[in-house]
Amino acid sequence: MKVAKFGGSSVANAQQFQKVANIITADDARKFVVVSAPGKRCKDDTKITDLLITLAKKVIEHDIYEGVLAQVVARYDEIVTDLHLSRDILDVISASLQQMIDTYDDQPERLLDALKASGEDNNAKLMAHYLRQLGYEAHYVNPKDAGIFVTDEPGNAQILPESYEQLAKLKERSGILVIPGFFGYSRSGHIVTFPRGGSDITGSIVAAGVGAELYENFTDVDSIYCVNPSIVEHPCQLKELTYREMRELSYAGFSVFHDEALEPVYRRGIPVCVKNTNNPEAPGTMIVATRDHRERPVAGIASDTGFCSINVSKYLMNREIGFGRRLLQILEDEGISYEHTPSGIDNMSVILREEQLAGDVERRVLDRIVTELRVDEVSIERDLALIMVVGEGMERSVGIAAKATAAFARANVNIEMINQGSSEVSMMFGVKADAVEKAVRALYEVYF
Ligand SMILES: Nc1ncnc2c1ncn2[C@@H]1O[C@H](COP(=O)(O)OP(=O)(O)O)[C@@H](O)[C@H]1O
Ligand SMILES: N[C@@H](CC(=O)OP(=O)(O)O)C(=O)O
(Lines give C-alpha, C1' and ligand atoms only; values in the text may rest on other atoms or scores of the structure.)
(Ligands and ions follow the chains in the order given, each with its own letter.)
Protein backbone atom coordinates (compact mmCIF):
# COMPACT_ATOMS: atom_id res chain seq x y z
CA MET A 1 0.00 0.00 0.00
CA LYS A 2 1.19 3.47 -0.90
CA VAL A 3 0.39 6.94 0.35
CA ALA A 4 0.24 9.57 -2.40
CA LYS A 5 0.34 13.24 -1.40
CA PHE A 6 -0.50 15.88 -3.96
CA GLY A 7 0.78 19.40 -3.35
CA GLY A 8 -1.06 22.66 -4.07
CA SER A 9 0.23 22.95 -7.64
CA SER A 10 -1.05 19.41 -8.36
CA VAL A 11 -4.62 20.26 -7.34
CA ALA A 12 -4.82 23.89 -8.44
CA ASN A 13 -7.60 23.45 -11.03
CA ALA A 14 -9.78 20.93 -12.85
CA GLN A 15 -7.08 19.96 -15.32
CA GLN A 16 -4.76 19.12 -12.43
CA PHE A 17 -7.54 17.14 -10.71
CA GLN A 18 -7.80 15.02 -13.87
CA LYS A 19 -4.06 14.31 -13.85
CA VAL A 20 -4.24 13.40 -10.17
CA ALA A 21 -7.18 11.04 -10.71
CA ASN A 22 -5.27 9.33 -13.54
CA ILE A 23 -2.24 8.86 -11.28
CA ILE A 24 -4.28 7.51 -8.36
CA THR A 25 -6.27 5.07 -10.44
CA ALA A 26 -3.26 3.85 -12.45
CA ASP A 27 -1.96 1.92 -9.43
CA ASP A 28 -4.21 -0.10 -7.09
CA ALA A 29 -1.62 0.29 -4.34
CA ARG A 30 -2.41 4.03 -4.13
CA LYS A 31 -5.04 3.62 -1.47
CA PHE A 32 -4.30 6.61 0.75
CA VAL A 33 -4.41 10.02 -0.87
CA VAL A 34 -3.48 13.26 0.90
CA VAL A 35 -4.32 16.55 -0.81
CA SER A 36 -3.26 20.13 -0.29
CA ALA A 37 -5.45 23.16 -0.91
CA PRO A 38 -5.55 24.52 -4.47
CA GLY A 39 -2.21 26.22 -5.10
CA LYS A 40 -1.02 28.57 -7.82
CA ARG A 41 -2.44 28.00 -11.33
CA CYS A 42 0.28 30.19 -12.81
CA LYS A 43 3.30 32.14 -11.57
CA ASP A 44 1.45 35.24 -10.34
CA ASP A 45 -1.58 33.43 -8.92
CA THR A 46 -2.46 33.30 -5.21
CA LYS A 47 -2.70 30.05 -3.24
CA ILE A 48 -6.07 29.45 -1.57
CA THR A 49 -4.24 29.18 1.76
CA ASP A 50 -3.00 32.75 1.33
CA LEU A 51 -6.51 33.94 0.41
CA LEU A 52 -7.85 32.23 3.53
CA ILE A 53 -5.23 33.92 5.69
CA THR A 54 -6.24 37.30 4.22
CA LEU A 55 -9.87 36.43 4.87
CA ALA A 56 -9.18 35.55 8.51
CA LYS A 57 -7.22 38.78 9.03
CA LYS A 58 -10.04 40.87 7.57
CA VAL A 59 -12.61 39.21 9.83
CA ILE A 60 -10.37 39.67 12.87
CA GLU A 61 -9.82 43.35 12.05
CA HIS A 62 -13.57 43.85 11.42
CA ASP A 63 -12.77 44.84 7.86
CA ILE A 64 -14.97 44.11 4.84
CA TYR A 65 -14.25 40.45 4.06
CA GLU A 66 -16.99 39.46 1.62
CA GLY A 67 -14.83 40.09 -1.47
CA VAL A 68 -12.07 37.70 -0.32
CA LEU A 69 -14.63 35.12 0.75
CA ALA A 70 -16.11 35.29 -2.76
CA GLN A 71 -12.61 34.81 -4.25
CA VAL A 72 -12.12 31.63 -2.20
CA VAL A 73 -15.48 30.22 -3.23
CA ALA A 74 -14.78 31.19 -6.86
CA ARG A 75 -11.66 28.97 -6.87
CA TYR A 76 -13.75 25.94 -5.86
CA ASP A 77 -16.51 27.02 -8.23
CA GLU A 78 -14.08 26.85 -11.14
CA ILE A 79 -13.10 23.28 -10.22
CA VAL A 80 -16.71 22.16 -9.64
CA THR A 81 -17.88 23.71 -12.91
CA ASP A 82 -15.02 22.38 -15.05
CA LEU A 83 -15.35 18.85 -13.62
CA HIS A 84 -19.15 18.92 -13.84
CA LEU A 85 -19.54 18.09 -10.16
CA SER A 86 -22.81 18.67 -8.32
CA ARG A 87 -23.19 22.34 -7.43
CA ASP A 88 -24.66 21.40 -4.02
CA ILE A 89 -21.11 20.92 -2.79
CA LEU A 90 -20.39 24.61 -3.41
CA ASP A 91 -23.30 25.67 -1.20
CA VAL A 92 -21.91 23.43 1.53
CA ILE A 93 -18.45 25.05 1.18
CA SER A 94 -19.87 28.60 1.34
CA ALA A 95 -22.07 27.79 4.32
CA SER A 96 -19.24 26.11 6.23
CA LEU A 97 -16.89 29.09 5.71
CA GLN A 98 -19.56 31.51 6.89
CA GLN A 99 -20.25 29.30 9.90
CA MET A 100 -16.57 29.35 10.87
CA ILE A 101 -16.52 33.13 10.63
CA ASP A 102 -19.58 33.38 12.88
CA THR A 103 -18.51 30.69 15.37
CA TYR A 104 -14.97 31.91 15.99
CA ASP A 105 -15.84 35.59 15.90
CA ASP A 106 -14.07 36.28 19.21
CA GLN A 107 -11.27 33.65 18.94
CA PRO A 108 -8.79 34.97 16.34
CA GLU A 109 -6.25 32.12 16.58
CA ARG A 110 -8.94 29.47 16.22
CA LEU A 111 -10.55 31.31 13.33
CA LEU A 112 -7.23 31.57 11.50
CA ASP A 113 -6.49 27.87 11.94
CA ALA A 114 -10.01 26.75 11.03
CA LEU A 115 -10.04 28.86 7.86
CA LYS A 116 -6.52 27.79 6.85
CA ALA A 117 -7.45 24.12 7.32
CA SER A 118 -10.64 24.52 5.28
CA GLY A 119 -8.49 24.95 2.14
CA GLU A 120 -7.38 21.31 2.22
CA ASP A 121 -10.57 20.05 3.86
CA ASN A 122 -12.85 21.26 1.08
CA ASN A 123 -10.40 20.15 -1.58
CA ALA A 124 -10.30 16.60 -0.17
CA LYS A 125 -14.10 16.51 -0.30
CA LEU A 126 -14.00 17.63 -3.95
CA MET A 127 -11.37 15.03 -4.85
CA ALA A 128 -13.33 12.17 -3.24
CA HIS A 129 -16.45 13.41 -5.01
CA TYR A 130 -14.65 13.51 -8.36
CA LEU A 131 -13.22 10.00 -7.97
CA ARG A 132 -16.71 8.69 -7.18
CA GLN A 133 -18.07 10.49 -10.23
CA LEU A 134 -15.47 8.61 -12.29
CA GLY A 135 -16.87 5.37 -10.90
CA TYR A 136 -14.30 4.53 -8.19
CA GLU A 137 -15.04 3.81 -4.56
CA ALA A 138 -13.55 6.80 -2.77
CA HIS A 139 -14.20 8.30 0.64
CA TYR A 140 -13.30 11.62 2.21
CA VAL A 141 -11.80 10.97 5.67
CA ASN A 142 -11.69 13.80 8.18
CA PRO A 143 -8.38 13.93 10.15
CA LYS A 144 -10.30 13.46 13.43
CA ASP A 145 -11.90 10.36 12.03
CA ALA A 146 -8.50 9.18 10.73
CA GLY A 147 -6.97 9.71 14.19
CA ILE A 148 -4.60 12.62 13.47
CA PHE A 149 -4.28 14.14 16.95
CA VAL A 150 -1.87 17.00 17.52
CA THR A 151 -0.56 19.41 20.12
CA ASP A 152 -2.67 22.52 20.65
CA GLU A 153 -0.20 24.99 19.11
CA PRO A 154 -2.09 26.96 16.45
CA GLY A 155 -0.13 27.08 13.20
CA ASN A 156 2.61 24.93 14.67
CA ALA A 157 1.02 21.60 15.55
CA GLN A 158 3.03 18.48 16.29
CA ILE A 159 1.71 14.96 16.01
CA LEU A 160 0.79 13.11 19.22
CA PRO A 161 2.29 9.60 19.31
CA GLU A 162 -1.04 7.88 20.06
CA SER A 163 -2.25 8.90 16.57
CA TYR A 164 -0.29 6.13 14.88
CA GLU A 165 -2.25 3.29 16.47
CA GLN A 166 -5.49 4.90 15.37
CA LEU A 167 -4.21 5.56 11.86
CA ALA A 168 -3.30 1.88 11.42
CA LYS A 169 -7.03 1.10 11.49
CA LEU A 170 -7.46 2.96 8.18
CA LYS A 171 -6.08 -0.15 6.48
CA GLU A 172 -9.32 -1.96 7.27
CA ARG A 173 -11.44 0.51 5.30
CA SER A 174 -12.40 -0.14 1.71
CA GLY A 175 -11.86 2.10 -1.32
CA ILE A 176 -9.56 5.02 -1.90
CA LEU A 177 -9.31 7.21 1.20
CA VAL A 178 -8.85 10.93 0.58
CA ILE A 179 -7.48 12.78 3.60
CA PRO A 180 -6.96 16.55 3.75
CA GLY A 181 -3.39 17.57 4.56
CA PHE A 182 -2.07 20.37 6.80
CA PHE A 183 -4.11 19.89 10.01
CA GLY A 184 -5.16 17.65 12.83
CA TYR A 185 -7.28 17.95 15.95
CA SER A 186 -6.20 18.79 19.46
CA ARG A 187 -7.32 16.54 22.28
CA SER A 188 -9.91 19.19 23.16
CA GLY A 189 -11.37 18.92 19.64
CA HIS A 190 -9.96 22.06 18.01
CA ILE A 191 -8.64 22.20 14.46
CA VAL A 192 -4.89 22.93 14.62
CA THR A 193 -2.69 23.42 11.53
CA PHE A 194 0.89 22.32 10.96
CA PRO A 195 3.45 24.95 9.87
CA ARG A 196 3.09 26.25 6.28
CA GLY A 197 3.72 23.55 3.70
CA GLY A 198 2.50 21.02 6.27
CA SER A 199 0.52 18.74 3.97
CA ASP A 200 3.84 16.96 3.42
CA ILE A 201 3.77 16.25 7.17
CA THR A 202 0.26 14.76 7.01
CA GLY A 203 1.34 12.47 4.16
CA SER A 204 4.29 11.25 6.16
CA ILE A 205 2.20 10.67 9.28
CA VAL A 206 -0.37 8.66 7.33
CA ALA A 207 2.41 6.65 5.64
CA ALA A 208 3.92 5.86 9.04
CA GLY A 209 0.52 5.04 10.59
CA VAL A 210 -0.54 2.57 7.92
CA GLY A 211 3.00 1.21 7.45
CA ALA A 212 3.01 2.09 3.74
CA GLU A 213 5.51 0.45 1.39
CA LEU A 214 6.15 3.90 -0.16
CA TYR A 215 5.27 7.56 0.46
CA GLU A 216 4.87 9.30 -2.89
CA ASN A 217 5.03 13.07 -2.79
CA PHE A 218 3.69 14.54 -6.03
CA THR A 219 4.71 18.08 -6.91
CA ASP A 220 5.51 20.15 -10.03
CA VAL A 221 9.13 19.20 -10.73
CA ASP A 222 10.59 15.99 -12.22
CA SER A 223 12.89 15.46 -9.27
CA ILE A 224 14.67 17.14 -6.45
CA TYR A 225 17.53 19.09 -7.98
CA CYS A 226 20.94 19.48 -6.40
CA VAL A 227 20.28 23.21 -6.13
CA ASN A 228 17.17 25.41 -6.22
CA PRO A 229 16.18 25.63 -9.92
CA SER A 230 15.32 29.29 -9.54
CA ILE A 231 19.03 30.00 -8.84
CA VAL A 232 20.71 27.66 -11.34
CA GLU A 233 19.04 26.86 -14.65
CA HIS A 234 18.51 23.13 -15.29
CA PRO A 235 20.55 21.87 -12.34
CA CYS A 236 21.30 18.17 -12.15
CA GLN A 237 18.56 15.87 -10.93
CA LEU A 238 19.06 13.73 -7.86
CA LYS A 239 18.15 10.05 -8.17
CA GLU A 240 18.59 9.34 -4.48
CA LEU A 241 19.06 11.17 -1.22
CA THR A 242 19.32 9.86 2.32
CA TYR A 243 16.91 10.93 5.05
CA ARG A 244 19.76 12.82 6.71
CA GLU A 245 20.66 14.69 3.54
CA MET A 246 17.06 15.58 2.80
CA ARG A 247 16.47 16.76 6.36
CA GLU A 248 19.46 19.13 6.16
CA LEU A 249 18.60 20.35 2.66
CA SER A 250 14.92 21.00 3.33
CA TYR A 251 15.73 22.74 6.60
CA ALA A 252 18.24 24.93 4.78
CA GLY A 253 15.98 25.98 1.91
CA PHE A 254 14.83 23.12 -0.37
CA SER A 255 11.16 24.06 -0.07
CA VAL A 256 10.12 21.14 -2.28
CA PHE A 257 9.77 18.87 0.79
CA HIS A 258 8.94 20.04 4.33
CA ASP A 259 11.80 19.43 6.76
CA GLU A 260 9.45 18.21 9.52
CA ALA A 261 7.92 15.66 7.18
CA LEU A 262 10.80 13.21 7.33
CA GLU A 263 10.68 12.15 10.95
CA PRO A 264 7.60 9.84 10.83
CA VAL A 265 8.78 7.92 7.74
CA TYR A 266 12.43 7.90 8.78
CA ARG A 267 11.61 6.18 12.08
CA ARG A 268 9.85 3.36 10.27
CA GLY A 269 12.22 3.16 7.29
CA ILE A 270 9.51 4.01 4.76
CA PRO A 271 11.04 5.27 1.49
CA VAL A 272 9.81 8.54 0.00
CA CYS A 273 9.59 9.26 -3.72
CA VAL A 274 9.22 12.86 -4.90
CA LYS A 275 7.50 12.83 -8.30
CA ASN A 276 5.96 15.17 -10.85
CA THR A 277 2.16 15.21 -11.31
CA ASN A 278 2.72 16.80 -14.73
CA ASN A 279 5.16 14.07 -15.80
CA PRO A 280 4.44 10.96 -13.71
CA GLU A 281 6.59 8.80 -16.00
CA ALA A 282 9.75 10.51 -14.71
CA PRO A 283 11.29 8.34 -11.96
CA GLY A 284 11.57 11.20 -9.44
CA THR A 285 13.89 11.26 -6.42
CA MET A 286 13.99 8.48 -3.84
CA ILE A 287 14.69 9.37 -0.20
CA VAL A 288 16.09 6.33 1.56
CA ALA A 289 18.21 5.30 4.54
CA THR A 290 21.51 4.80 2.68
CA ARG A 291 22.90 5.49 -0.77
CA ASP A 292 26.12 4.93 -2.64
CA HIS A 293 27.82 8.30 -2.38
CA ARG A 294 31.25 7.38 -3.73
CA GLU A 295 30.74 9.05 -7.09
CA ARG A 296 29.49 12.35 -5.77
CA PRO A 297 30.18 13.20 -2.12
CA VAL A 298 28.12 16.41 -2.20
CA ALA A 299 24.40 15.78 -2.67
CA GLY A 300 23.08 19.33 -2.79
CA ILE A 301 23.50 23.00 -1.98
CA ALA A 302 20.65 24.77 -0.20
CA SER A 303 20.39 28.42 0.72
CA ASP A 304 18.05 30.78 2.48
CA THR A 305 18.01 34.47 3.39
CA GLY A 306 16.56 36.41 6.33
CA PHE A 307 19.19 35.70 8.98
CA CYS A 308 21.19 37.89 11.31
CA SER A 309 24.02 37.30 13.73
CA ILE A 310 24.33 38.62 17.27
CA ASN A 311 28.08 38.93 17.85
CA VAL A 312 29.28 39.09 21.43
CA SER A 313 32.83 39.49 22.65
CA LYS A 314 34.31 39.55 26.13
CA TYR A 315 37.90 39.17 27.17
CA LEU A 316 38.46 35.81 28.96
CA MET A 317 35.02 34.54 27.93
CA ASN A 318 36.55 31.06 27.80
CA ARG A 319 37.08 31.13 31.60
CA GLU A 320 33.53 32.15 32.42
CA ILE A 321 31.56 28.99 33.11
CA GLY A 322 27.94 29.28 32.03
CA PHE A 323 28.43 32.24 29.68
CA GLY A 324 26.94 30.46 26.66
CA ARG A 325 24.02 29.15 28.67
CA ARG A 326 23.20 32.60 30.03
CA LEU A 327 23.39 34.16 26.56
CA LEU A 328 21.04 31.55 25.14
CA GLN A 329 18.76 31.90 28.19
CA ILE A 330 18.14 35.53 27.27
CA LEU A 331 16.97 34.38 23.83
CA GLU A 332 14.88 31.60 25.34
CA ASP A 333 13.14 34.10 27.63
CA GLU A 334 12.07 36.02 24.50
CA GLY A 335 10.87 32.82 22.78
CA ILE A 336 13.60 33.14 20.14
CA SER A 337 14.98 30.05 18.44
CA TYR A 338 18.50 30.09 17.06
CA GLU A 339 20.18 28.28 14.18
CA HIS A 340 23.91 28.11 14.95
CA THR A 341 26.39 29.34 17.54
CA PRO A 342 29.87 29.64 16.03
CA SER A 343 32.36 30.66 18.71
CA GLY A 344 35.98 31.67 19.34
CA ILE A 345 38.04 32.02 22.53
CA ASP A 346 36.64 35.39 23.52
CA ASN A 347 33.65 35.70 21.23
CA MET A 348 30.46 33.95 20.38
CA SER A 349 27.89 34.55 17.65
CA VAL A 350 24.30 33.46 17.61
CA ILE A 351 22.68 33.16 14.19
CA LEU A 352 18.94 33.47 14.07
CA ARG A 353 16.06 34.41 11.82
CA GLU A 354 16.00 38.19 11.61
CA GLU A 355 12.21 38.48 11.86
CA GLN A 356 12.41 37.30 15.49
CA LEU A 357 14.03 40.58 16.52
CA ALA A 358 11.11 42.72 15.34
CA GLY A 359 9.70 45.59 17.40
CA ASP A 360 11.48 46.27 20.66
CA VAL A 361 12.68 42.68 21.09
CA GLU A 362 16.08 43.63 19.67
CA ARG A 363 16.59 46.45 22.16
CA ARG A 364 15.52 44.25 25.11
CA VAL A 365 17.86 41.43 24.05
CA LEU A 366 20.84 43.72 23.53
CA ASP A 367 20.23 45.58 26.82
CA ARG A 368 20.13 42.32 28.73
CA ILE A 369 23.29 41.03 27.05
CA VAL A 370 25.13 44.22 28.03
CA THR A 371 23.88 44.46 31.61
CA GLU A 372 23.66 40.80 32.61
CA LEU A 373 26.69 39.39 30.78
CA ARG A 374 28.88 42.51 31.06
CA VAL A 375 30.30 41.97 27.59
CA ASP A 376 32.96 44.18 26.01
CA GLU A 377 31.11 44.44 22.73
CA VAL A 378 27.84 43.36 21.22
CA SER A 379 26.65 44.02 17.69
CA ILE A 380 24.12 42.74 15.20
CA GLU A 381 25.04 41.85 11.65
CA ARG A 382 21.98 41.90 9.41
CA ASP A 383 20.96 40.71 5.93
CA LEU A 384 22.76 37.39 6.08
CA ALA A 385 22.14 34.33 3.98
CA LEU A 386 23.09 30.81 4.99
CA ILE A 387 24.33 28.31 2.44
CA MET A 388 24.42 24.64 3.32
CA VAL A 389 26.54 22.16 1.41
CA VAL A 390 25.18 18.70 2.20
CA GLY A 391 26.35 15.18 1.44
CA GLU A 392 26.91 11.86 3.21
CA GLY A 393 30.18 11.41 1.34
CA MET A 394 31.73 14.65 2.58
CA GLU A 395 33.03 13.03 5.75
CA ARG A 396 35.42 10.81 3.79
CA SER A 397 36.41 13.26 1.06
CA VAL A 398 39.45 15.46 1.33
CA GLY A 399 39.29 19.02 0.03
CA ILE A 400 35.55 19.68 0.08
CA ALA A 401 35.95 22.86 2.16
CA ALA A 402 38.95 23.97 0.11
CA LYS A 403 36.89 23.74 -3.08
CA ALA A 404 34.19 25.90 -1.50
CA THR A 405 36.52 28.61 -0.25
CA ALA A 406 38.30 28.72 -3.61
CA ALA A 407 34.94 29.06 -5.37
CA PHE A 408 33.92 31.91 -3.06
CA ALA A 409 37.24 33.66 -3.69
CA ARG A 410 36.87 33.33 -7.48
CA ALA A 411 33.33 34.74 -7.30
CA ASN A 412 34.57 37.55 -5.04
CA VAL A 413 32.17 36.60 -2.24
CA ASN A 414 33.24 37.32 1.31
CA ILE A 415 32.58 34.48 3.77
CA GLU A 416 31.08 35.97 6.95
CA MET A 417 31.21 32.67 8.85
CA ILE A 418 31.80 28.96 8.48
CA ASN A 419 30.26 26.25 10.62
CA GLN A 420 30.59 22.49 10.38
CA GLY A 421 28.44 20.27 12.55
CA SER A 422 29.89 17.18 14.19
CA SER A 423 27.83 14.92 11.92
CA GLU A 424 29.96 16.05 8.95
CA VAL A 425 27.00 15.59 6.66
CA SER A 426 26.88 19.34 6.10
CA MET A 427 28.95 22.48 6.04
CA MET A 428 27.44 25.92 6.51
CA PHE A 429 28.62 29.25 5.11
CA GLY A 430 27.24 32.66 6.02
CA VAL A 431 27.41 35.34 3.32
CA LYS A 432 25.72 38.69 2.74
CA ALA A 433 22.21 38.14 1.34
CA ASP A 434 22.91 40.10 -1.83
CA ALA A 435 25.78 37.74 -2.70
CA VAL A 436 23.97 34.47 -2.08
CA GLU A 437 22.97 33.59 -5.64
CA LYS A 438 26.43 34.33 -6.95
CA ALA A 439 27.89 32.19 -4.19
CA VAL A 440 25.54 29.25 -4.83
CA ARG A 441 26.31 29.33 -8.56
CA ALA A 442 30.03 29.34 -7.79
CA LEU A 443 29.62 26.29 -5.53
CA TYR A 444 27.51 24.51 -8.13
CA GLU A 445 30.32 24.94 -10.63
CA VAL A 446 32.88 23.23 -8.40
CA TYR A 447 30.77 20.37 -7.05
CA PHE A 448 28.58 19.36 -10.03
N1 LIG B 1 16.28 21.75 -4.83
C2 LIG B 1 15.05 21.81 -5.33
N3 LIG B 1 14.58 20.84 -6.16
C4 LIG B 1 13.35 20.90 -6.68
N5 LIG B 1 12.49 21.92 -6.43
C6 LIG B 1 12.89 22.91 -5.61
C7 LIG B 1 14.17 22.91 -5.01
N8 LIG B 1 14.30 24.02 -4.23
C9 LIG B 1 13.15 24.68 -4.34
N10 LIG B 1 12.28 24.04 -5.16
C11 LIG B 1 10.94 24.52 -5.52
O12 LIG B 1 9.96 23.70 -4.90
C13 LIG B 1 8.80 23.75 -5.73
C14 LIG B 1 7.86 22.62 -5.34
O15 LIG B 1 7.46 22.77 -3.98
P16 LIG B 1 6.04 23.38 -3.59
O17 LIG B 1 5.87 24.72 -4.21
O18 LIG B 1 5.87 23.27 -2.12
O19 LIG B 1 5.11 22.38 -4.40
P20 LIG B 1 3.66 21.81 -4.12
O21 LIG B 1 2.72 22.75 -4.80
O22 LIG B 1 3.71 20.48 -4.78
O23 LIG B 1 3.47 21.69 -2.65
C24 LIG B 1 9.37 23.65 -7.12
O25 LIG B 1 8.49 24.18 -8.10
C26 LIG B 1 10.67 24.44 -7.02
O27 LIG B 1 10.51 25.75 -7.48
N1 LIG C 1 -1.77 24.73 1.77
C2 LIG C 1 -0.83 24.81 2.85
C3 LIG C 1 -0.19 23.46 3.15
C4 LIG C 1 0.67 22.85 2.07
O5 LIG C 1 1.38 21.90 2.32
O6 LIG C 1 0.57 23.37 0.84
P7 LIG C 1 1.51 22.96 -0.45
O8 LIG C 1 1.38 21.47 -0.68
O9 LIG C 1 0.91 23.78 -1.59
O10 LIG C 1 2.94 23.35 -0.15
C11 LIG C 1 0.20 25.90 2.59
O12 LIG C 1 0.11 26.57 1.57
O13 LIG C 1 1.05 26.11 3.42
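Not measured: the values here are computed from a predicted model.

1. A short note on the UniProt feature "binding site: substrate" (unreviewed entry) in the chain
As annotated by UniProt and renumbered to match this structure, "binding site: substrate" (unreviewed entry) occupies Thr49 and Glu120. These annotated residues cover 72 residues of sequence, and their C-alpha atoms lie no more than 8.5 Å from one another, placing them together at a single site. Here, the largest pocket is lined by Thr49 and Glu120 out of the annotated residues. Relative to the elements of secondary structure, threonine 49 occurs in helix 2 (residues 48-60). Other than its neighbours up to four places away in sequence, threonine 49 contacts Ala37, Lys116, Glu120, Phe182 and Arg196. Mapped onto the elements of the fold, glutamate 120 is located in helix 5 (residues 108-133).

2. Here we look at the sheet that holds strand 12 (residues 285-288)
Each strand in a sheet pairs with its neighbour through backbone hydrogen bonds, running either in the same direction (parallel) or in the opposite one (antiparallel). An order of 3-4-2-1-7-11-12-10 is seen for the eight strands of this open sheet, with the pairing classed as mixed. Two strands lie at the open edges of the sheet, namely strand 3 (138-140) and strand 10 (240-242), each paired on one side alone. Along the sheet, successive strands turn relative to each other by an average axial angle of 20 degrees, direction set aside. Where strand 1 (residues 2-6) and strand 2 (residues 30-35) come together, five bridges link them in parallel fashion. Looking at the pairing, lysine 5 lines up with valine 34 of strand 2.

3. Description of the site of ligand 1
Near ligand 1, the surroundings consist of 17 residues, among which Ser9, Thr219, Asp220, Tyr225 and Phe254 are the closest. In this structure, an oxygen atom belonging to ligand 1 sits 2.7 Å away from a side-chain N or O atom of threonine 219. Separating an oxygen atom of ligand 1 from a side-chain N or O atom of aspartate 220 is a distance of 2.8 Å. In isolation ligand 1 offers 580 Å² of accessible surface; the protein chains occlude 79% of this area. Here ligand 1 is seated within the largest pocket. The residue makeup of the shell around ligand 1, split by class, is eight nonpolar, seven polar and two charged.

4. Structural notes on the environment of lysine 438
Here lysine 438 shows up in helix 14 (residues 436-447). A relative accessible area of 40% means that lysine 438 is categorised as partly exposed. Distance from lysine 438 to methionine 127, taken between C-alpha atoms, is 42 Å for residues 311 residues apart in sequence. Excluding residues that lie within four positions of it along the chain, lysine 438 makes contacts with Ala411, Asn412 and Val413.

5. Description of helix 3 (residues 66-83)
Taking 1.5 Å of rise per residue, 18 residues should cover 26 Å, and helix 3 covers 26 Å from first to last C-alpha, within 8% of that figure. Those residues of helix 3 that sit buried are Val68, Leu69, Val72, Val73, Arg75, Tyr76, Ile79, Val80 and Leu83. Taken together, the buried residues of helix 3 touch helix 1 (14-25), helix 2, helix 4 (88-103) and helix 5.

6. As for the site of ligand 2
Close to ligand 2 lie Lys5, Gly7, Gly8, Ser36, Lys47, Thr49, Glu120, Phe182, Arg196, Gly197, Gly198 and Ser199. Here an oxygen atom of ligand 2 sits 2.6 Å away from a polar atom, N or O, in the side chain of serine 36. Here a nitrogen atom of ligand 2 sits 2.7 Å away from a polar atom, N or O, in the side chain of threonine 49. Relative to its unbound accessible area of 340 Å², ligand 2 is 89% covered by the protein chains. For ligand 2, the cavity whose grid points lie within 2 Å of the majority of its atoms is the largest pocket. Residues belonging to the shell around ligand 2 are distributed by class as follows: one nonpolar, seven polar and four charged.

7. Quick notes on the packing of aromatic side chains
Applying the stated rule across the entire model yields seven aromatic pairs. Both rings, one in tyrosine 215 and one in phenylalanine 257, keep their centres 6.2 Å apart while their planes meet at 55 degrees; by these two values the pair is tilted. Within this pair, whereas tyrosine 215 is found in strand 7 (residues 214-219), its partner phenylalanine 257 is found in the loop between helix 9 (243-251) and helix 10 (262-268), the two being separated by 42 residues in sequence. For tyrosine 215, a relative accessible area of 0% puts it in the buried group. Between phenylalanine 408 and phenylalanine 429, the ring centres sit 5.0 Å apart and the planes meet at 65 degrees, which makes this aromatic pair edge-to-face. Taken together, the residues phenylalanine 408 in helix 13 (residues 400-410) and phenylalanine 429 in strand 18 (residues 426-432) connect sequence positions 21 residues apart. Each member of the pair, phenylalanine 408 together with phenylalanine 429, is buried. Here the basic side chain of lysine 125 rests over the ring of tyrosine 140, its NZ or CZ set 5.3 Å away from the ring centre. If you follow arginine 187 out to its NZ or CZ, it ends over the ring of phenylalanine 149, 4.2 Å from the centre.

8. Considerations on the packing of helix 2 against helix 3
Relative to each other, helix 2 and helix 3 sit at 155 degrees, their axes nearing to 9 Å. Accordingly, the angle class assigned to the pair helix 2 and helix 3 is roughly antiparallel. In this structure, the crossing between helix 2 and helix 3 has a hand that is left-handed. Of the residues in helix 3, those touching helix 2 at Ile48, Leu51, Leu52, Thr54, Leu55 and Lys58 are Val68, Leu69, Gln71, Val72, Arg75 and Tyr76.

Conventions adopted
Residues numbered from 1 in each chain as written. Chains lettered and ligands numbered in written order. Predicted model: local features only at pLDDT ≥ 70, side-chain atom pairs only at ≥ 80, totals over all residues. Heavy atoms only, no water. UniProt positions renumbered as here; feature names shortened; annotations may be inferred. 1 Å grid on protein atoms, 1.4 Å probe; cavity = no way out; pocket = protein on both sides within 12 Å on 5 of 7 lines; lining within 4 Å. Helix = DSSP H or I, 4+ residues; strand = E, 2+ residues; numbered from the N terminus. Contact = heavy atoms within 4.5 Å. Pairing = 2+ DSSP bridges. Axes fitted to C-alpha atoms, helices over the stretch in contact; angles between N-to-C directions. Near = heavy atom within 4 Å. Polar contact = N/O pair within 3.5 Å; in protein donor to acceptor, adjacent residues only side chain to side chain. Areas by Shrake-Rupley, 256 points an atom, 1.4 Å probe, with all protein chains shown as cover. Sits in = over half its atoms within 2 Å of the grid points. Nonpolar A, V, L, I, M, F, W, Y, C, P; charged D, E, K, R; others polar. Buried < 20%, exposed > 50% of the residue type's maximum accessible area, 1.4 Å probe, protein only. Expected span 1.5 Å × (residues − 1). Phe/Tyr/Trp six-rings, centres within 6.5 Å; stacked < 30°, edge-to-face > 60°. Lys NZ or Arg CZ within 6 Å of the ring centre and 35° of its normal. Parallel < 35°, antiparallel > 145°, perpendicular 65-115°, else oblique. Left-handed = near helix turned anticlockwise from the far one by under 90°.

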